[in-house]
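# Coordinate inspection notes
Each chain, letter by letter, is given below.
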Amino acid sequence: MLYAIVGQDVPDSLERRLAARPAHLDRLHALQQAGRLLLAGPFPIIDSNDPGTAGFSGSLIVAEFDSLPDAQAWADADPYVAAGVYAAVSVKPFKKVLPA
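Overview of the structure.

Scoring rules and cut-offs
- Residues numbered from 1 in each chain as written.
- Predicted model: local features only at pLDDT ≥ 70, side-chain atom pairs only at ≥ 80, totals over all residues.
- Heavy atoms only, no water.
- Helix = DSSP H or I, 4+ residues; strand = E, 2+ residues; numbered from the N terminus.
- Expected span 1.5 Å × (residues − 1).
- Bend = angle between axes of the 7 residues up to and from the residue.
- Buried < 20%, exposed > 50% of the residue type's maximum accessible area, 1.4 Å probe, protein only.
- Contact = heavy atoms within 4.5 Å.
- Arc of directions from axis to C-beta.
- Core = buried A, V, L, I, M, F, W, Y, C linked by side-chain atoms within 4.5 Å.
- 1 Å grid on protein atoms, 1.4 Å probe; cavity = no way out; pocket = protein on both sides within 12 Å on 5 of 7 lines; lining within 4 Å.
- Points joined across faces, edges and corners; volume = space filled by probe spheres on them.
- Nonpolar A, V, L, I, M, F, W, Y, C, P; charged D, E, K, R; others polar.
- Salt bridge = Lys/Arg side-chain N within 4 Å of Asp/Glu carboxyl O.

### A word on helix α1 (residues 14-33)
With 20 residues, α1 should cover 28 Å at 1.5 Å per step; its first-to-last C-alpha distance of 27 Å lies within 8% of that length. Maximal helix bending in α1 amounts to about 55°, located at R21; proline P22 follows within four positions. Taken together, the buried positions of α1 are occupied by R17, A20, H24, R27, L28 and L31. In this structure, the buried residues of α1 make contact with β1 (2-9), β2 (37-44), β3 (56-64), α2 (68-76), α3 (79-82) and β4 (86-94). The positive-phi residue at the C-terminal boundary of α1 is G35, with phi of around 75°.

### Section: α2
Because an α-helix completes one turn every 3.6 residues, residues spaced three or four positions apart along the sequence face the same direction. Where α2 is concerned, the buried positions are A71, W74 and A75. Angularly, the buried residues of α2 cover 100° about the axis, an arc narrow enough to put them on a single face. Lining the buried residues of α2 we find β1, α1, β3, α3 and β4.

### Thoughts on the nonpolar core
Listed in full, the eleven residues of the largest apolar core are Y3, I5, L28, L31, I61, A63, F65, A71, W74, A75 and V91. No other element matches α2, which puts three residues into this core. In contact with L28, other than residues within four places in its own chain, are L37, A40, I61 and W74.

### Examining the layout of surface pockets
Roughly 230 Å³ of volume is contained in the largest pocket. Lining the largest pocket are 15 residues, with R21, L25, G41, P42 and Y80 sitting closest to its centre. Among the secondary structure elements, those contributing two or more residues to the lining of the largest pocket are α1, β2 and β3. Broken down by element, the residue count for the lining of the largest pocket peaks at six residues, all from α1. In the lining of the largest pocket, the residues fall into ten nonpolar, three polar and two charged.

### Re the pattern of salt bridges
Under the definition given, this model contains two salt bridges. Measuring nitrogen to oxygen at the nearest pair gives 2.9 Å for the salt bridge that ties D9 to R17. In this pair, the class of D9 matches that of R17, namely buried. Of the charged contacts in the structure, one is a salt bridge between R27 and D78, with a shortest N-O distance of 3.7 Å. Here R27, found in helix α1, pairs with D78, found in the loop between α2 and α3; they are 51 residues apart in sequence, far enough to count as distant. With respect to burial, R27 and D78 carry one shared label: buried.

Next up, the structure:
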């Protein structure tokens with residue numbers, strides 16, 4: 001089943017985010033190579049694909065896991081969690097409808 005993982009950044013997270021980004025991306029690439037990643041990306045604070053020093057307010061990952069506990073465990077082990085980038089992370093089952 002698909003799960004939506006939404007991380008909400010702490011204020012002024014950009015420096016921590018940039019430091020942990022390579023490890024965070026490595027995990028996402030592993031999901032992608034396993035054919036389990038639907039999409040992933042950050043939420044820019046400003047209306048721009050490149051928000052510069054404004055940074056990001058969080059991230060969205062939609063990926064396939066065997067169960068909600070598996071998805072939660074994967075999210076809990078994210079390098080952004082360990083680095084203190086995220087103030088909170090929610091994990092919910094997700095049903096893709098479109099595009100078909």
